[in-house]
Amino acid sequence: MDEDKASLNKPTELPEELRKKPIIERGAIDLMAIAIFFLLITPLLSVHRVTDFMIFCIFAMSFDLLYGYMGRLSFGQMLYLGTGAYCCGLFIKYIGGNPLLAISIGIAFAGMLAMLLGLIIVRTTGACFALINLAFNHIGFFLVLSPLREITRGEDGFGVSASKLGVLNFGSRPIMFGFVLLCLLLVYYCLRRLTSSPYGILIRSIKEDETRVRFLGYNTFLYKWFTFILAGAIAGLAGSLTALNYNYVNPNAMDVHSNVGVVFACLIGGAGNLYGAILGGVIYMVISNFLPIYIYRWEMFLGFSLLIIVFRFRMGVWGYIQRFWEYTIKRKVVPRLMKKEAI
Amino acid sequence: MLVIKNLDVAYGHAKVLHDVSLDIEKGETAFFIGRNGAGKTTLLKTIIGLLKPQKGSITYQGQEISSLSPEELYLKGLRYVAQEKKVFGNLTVQENIEIAAYASQEPLERALDKVMSIYPKLEGFLKTKAGQLSGGQRQILLVGRSLVGDPKLLLIDEPTQGLAAIVIEEIVNILTGLKDQVSAVIVEQNLAMVNRLADRIYVLKEGKVAREIINKSEISDTKGLEEYL
């Protein structure tokens, strides 16, 4: 009986430590794992391609914050990526070549646009939320394509050439790679801290049932709005990096059809988990980069994959890895090893 | 403490509550009983600010609250425990408590102590997803969580619905223990519970208050109360 009590009490002592101490330690391990993973795949895929993958992973994390954590499916996240890309590119083209300032401008404008549109958008849920985002994305796409063509050069787009900033020469692929990797790790770390905090618990609760969160005294609108702005700003960062990586911006950066990619990445990786978003981002990029070489109309494959994921594998790849770890390694292998050690 | 006067509530054009008036004093445990569709849950939802009345007033501690939102009412000490034992199933038990502690700016340890004091067994499930708890444990978690912060009035909707007799007994014991600490309004069909806990009963029938019972002998008369269900 006493043993039972003791075993019941065990988990209560653990969480306090787990909650405060390991976030840094585990976070550091995560950061190293991510960095090593991207460094390892670089020789296989080329520096430029992996840089592109990492930018997409940043974008996937911004989408995951909205969809995976807060439960709001957006079909218009490309609007903020495009805003970041255009603002960063236009700043370099018309005002100054400082790449860091240009990136900051891209993030700030994407965040401000999300702040403005969020006032309307976050009041909605479900299909309405998804479609309003899509509608704004369409508006943005046609704005850069036509009415603003004097500045954006319409369909042709424009070249972006950032000036050197000490050692920070974005014309050099390895430096661009290192900078993007740094951004990816920074975004991952910040989002990890944020989603492990009470704020993270709150947005996950909003995903489950917003009304019940209101019963607990929260003004859910403010939290949703903040999350929307944050997701927009991170997408803006991804957009700015895209502009610098390609040295070129055109309306494809805001193309509504590209939203499918980020939705797919989150679903295949496992929504509601930053690792899932990164893994899904890489899987999607591998598929979209290499499948067209072997399969004509490869998008059809994406469609079938999406159907299979939705019907059979909702937890995504990372979800199943976690489950495997929980049930096989943690519950069977670890106790067995501990038993051996005791003997 | 809570005074409702001439309250009319409607869902669209369908009026659900008609001219409801009641008065609950500080420290009391009041029950709303009545048949399904009598308007008990609607009345609770109106008090907590989910539904806006067409007519009438709701006064809490001398202040009109009918126009306030659920989050504003939470800060005034009103706690709503909805029916169907809806915890945040994907969050752990600890996170379910933490989210309430964060809202009321109460230290997590104190919040955990409060919940554990009413049901120590929950301590072993702190890292378990709340969705994996049994119905009774979920209900106890919800009641426990409502004690976080500085609650003054608990509004509990059908706390024993669908639970086994042994769990109901446990919940009744918990609510009995809370009687001296906080006022409560409970919607309930379980008359054994009503007999043991009620200081005042309002019988609702077709959206109206059919009777107010404050007489102790009437409250403990299960047979007499049965005719209202």
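Just so you know, these numbers come straight off a predicted model, no measurement behind them.

A.B. asks: Honestly, the overall build of chain B in this entry has me stumped. Any pointers?
C.D. replies: The secondary structure content of chain B amounts to nine helices and ten strands. Relative to the 2.2 N^0.38 estimate, which gives 17 Å for 229 residues, the radius of gyration of chain B is 17 Å and therefore close to what a compact globule would have. With the C-alpha coordinates of chain B rotated into their principal frame, the extents come out at 45 × 40 × 30 Å. Across the 229 residues of chain B, 46% fall into the buried class. Partitioning the contacts of chain B with sequence separation of at least 6, the portion at a separation of at least 24 is 71%.

A.B. asks: When you look at the overall build of chain A in this model, what are you seeing that I'm missing?
C.D. replies: Summing up its helical and strand segments, chain A has 15 helices and two strands in all. In chain A, which comprises 343 residues, the share counted as buried stands at 43%. In chain A, 78% of the contacts between residues at least 6 apart in sequence involve partners at least 24 apart.

A.B. asks: Help me understand the packing of helix H4 (residues 78-95) of chain A against helix H6 (residues 126-145) of chain A, please; the structure alone is not making it clear to me.
C.D. replies: The axes of two packed helices give the description: the angle between them and the distance between them. Residues and elements named next belong to chain A. Contact geometry for H4 and H6: axes closest at 9 Å, N-to-C directions at 30°. Classified by the angle their axes make, H4 and H6 are roughly parallel. The way H4 lies across H6 gives a crossing that is left-handed. Here Met 78, Leu 79, Gly 82, Thr 83 and Tyr 86 of H4 lie close against H6, whose contacting residues are Phe 136, Asn 137, Gly 140 and Val 144. Taken together, the residues of the contact of H4 with H6 sort by class into five nonpolar, four polar and no charged.

A.B. asks: Would you mind going over the sheet that holds strand E5 (residues 63-64) of chain B with me for this structure?
C.D. replies: Residues and elements named next belong to chain B. Spatially, E2-E1-E4-E5 is the arrangement adopted by the four strands of the open sheet, whose pairing is antiparallel. The strands lining the two open edges of the sheet, one partner per strand, are strand E2 (14-24) and E5. In the sheet, strand E1 (residues 2-11) pairs with strand E4 (residues 55-60) via five bridges, with the strands oriented antiparallel. Bridging from a neighbouring strand, Asp 8 pairs with Lys 55 of E4. Helix H1 (residues 40-47) rests against E1, E2 and E4 of the sheet, and its axis sits at about 70° to E2.

A.B. asks: Mind showing me how you'd approach the interface of chain B and chain A here?
C.D. replies: Accessible area lost when the parts come together is the quantity often used to give the size of an interface. The partner chain A presents 19 residues to the 24 residues of chain B that form the contact. Considering every element that reaches the side of chain B that touches chain A, the biggest residue donor is helix H3 (residues 93-103) of chain B, with seven residues. For the side of chain B that touches chain A, the class distribution of residues is 13 nonpolar, five polar and six charged.

A.B. asks: Looking at this structure, I do not really get the confidence of the model for chain A. What am I missing?
C.D. replies: Residue and element names in this part refer to chain A. Predicted confidence across chain A gives a mean pLDDT of 87, with 88% of residues reaching 70 or more. Per-element confidence in chain A is highest for helix H5 (residues 99-121), whose mean pLDDT is 96, and lowest for helix H1 (residues 2-20), whose mean pLDDT is 42. Here residues 1-15 scores under 50 on pLDDT; set against residues more than four positions off or in separate chains, the count is twelve contacts.

A.B. asks: I'm lost on the packing of helix H3 (residues 47-69) of chain A against helix H8 (residues 173-196) of chain A in this one. Help?
C.D. replies: Residue and element names in this part refer to chain A. Relative orientation of the contacting elements H3 and H8 amounts to 20°, with a least axis distance of 9 Å. Classed by the angle they form, the pair H3 and H8 counts as roughly parallel. The way H3 lies across H8 gives a crossing that is left-handed. Contacts from Val 47, His 48, Val 50, Thr 51, Met 54, Ile 55, Cys 57, Ile 58, Met 61, Leu 65 and Tyr 69 in H3 reach Arg 173, Pro 174, Met 176, Phe 177, Val 180, Leu 181, Cys 183, Leu 184, Val 187, Tyr 188, Leu 191 and Thr 195 in H8.

A.B. asks: Looking at this model, I keep getting lost on the environment of Ile99(B). Mind explaining?
C.D. replies: On the secondary structure map, Ile99(B) appears in helix H3. Separated by 46 residues in sequence, Ile99(B) and Arg145(B) place their C-alpha atoms 9.2 Å apart. Setting aside anything within four residues of it in sequence, one finds Ile99(B) in contact with Pro198(A), Ile201(A), Leu202(A), Ser205(A) and Leu216(A).

A.B. asks: Is there a simple way to think about the nonpolar core in this case?
C.D. replies: For soluble globular proteins, nonpolar side chains are generally found buried alongside one another. Ranked by size, the top nonpolar core spans 169 residues in total, and within it Cys57(A), Ile58(A), Ala60(A), Met61(A) and Leu155(B) carry the most contacts. Leave out the neighbours within four places in its chain, and Cys57(A) touches Leu184(A), Ala277(A), Ile278(A), Gly281(A) and Val282(A).

A.B. asks: What is the right way to read the pairing of strand E10 (residues 208-213) of chain B from this model?
C.D. replies: Every other side chain in a regular strand lies on the same face of the sheet, so the side chains alternate between the two faces. All names here are of chain B. Alignment of strand E9 (residues 200-205) against E10, held across five bridges, turns out to be antiparallel. Of the residues in E10, the one forming a bridge with Val 203 is Arg 211. What sits between E9 and E10 in their antiparallel hairpin is a turn of two residues, with Glu 206 showing a positive phi close to 50°.

What counts as what
- Residues numbered from 1 in each chain as written.
- Chains lettered and ligands numbered in written order.
- Predicted model: local features only at pLDDT ≥ 70, side-chain atom pairs only at ≥ 80, totals over all residues.
- Helix = DSSP H or I, 4+ residues; strand = E, 2+ residues; numbered from the N terminus.
- Rg over C-alpha atoms; globule rule 2.2 N^0.38 Å.
- Buried ≥ 20, exposed ≤ 12 C-beta atoms within 10 Å, placed from the backbone.
- Contact = placed C-beta atoms within 7 Å.
- Axes fitted to C-alpha atoms, helices over the stretch in contact; angles between N-to-C directions.
- Parallel < 35°, antiparallel > 145°, perpendicular 65-115°, else oblique.
- Left-handed = near helix turned anticlockwise from the far one by under 90°.
- Nonpolar A, V, L, I, M, F, W, Y, C, P; charged D, E, K, R; others polar.
- Pairing = 2+ DSSP bridges.
- pLDDT = per-residue confidence, 0-100.
- Core = buried A, V, L, I, M, F, W, Y, C linked by C-beta atoms within 7 Å.

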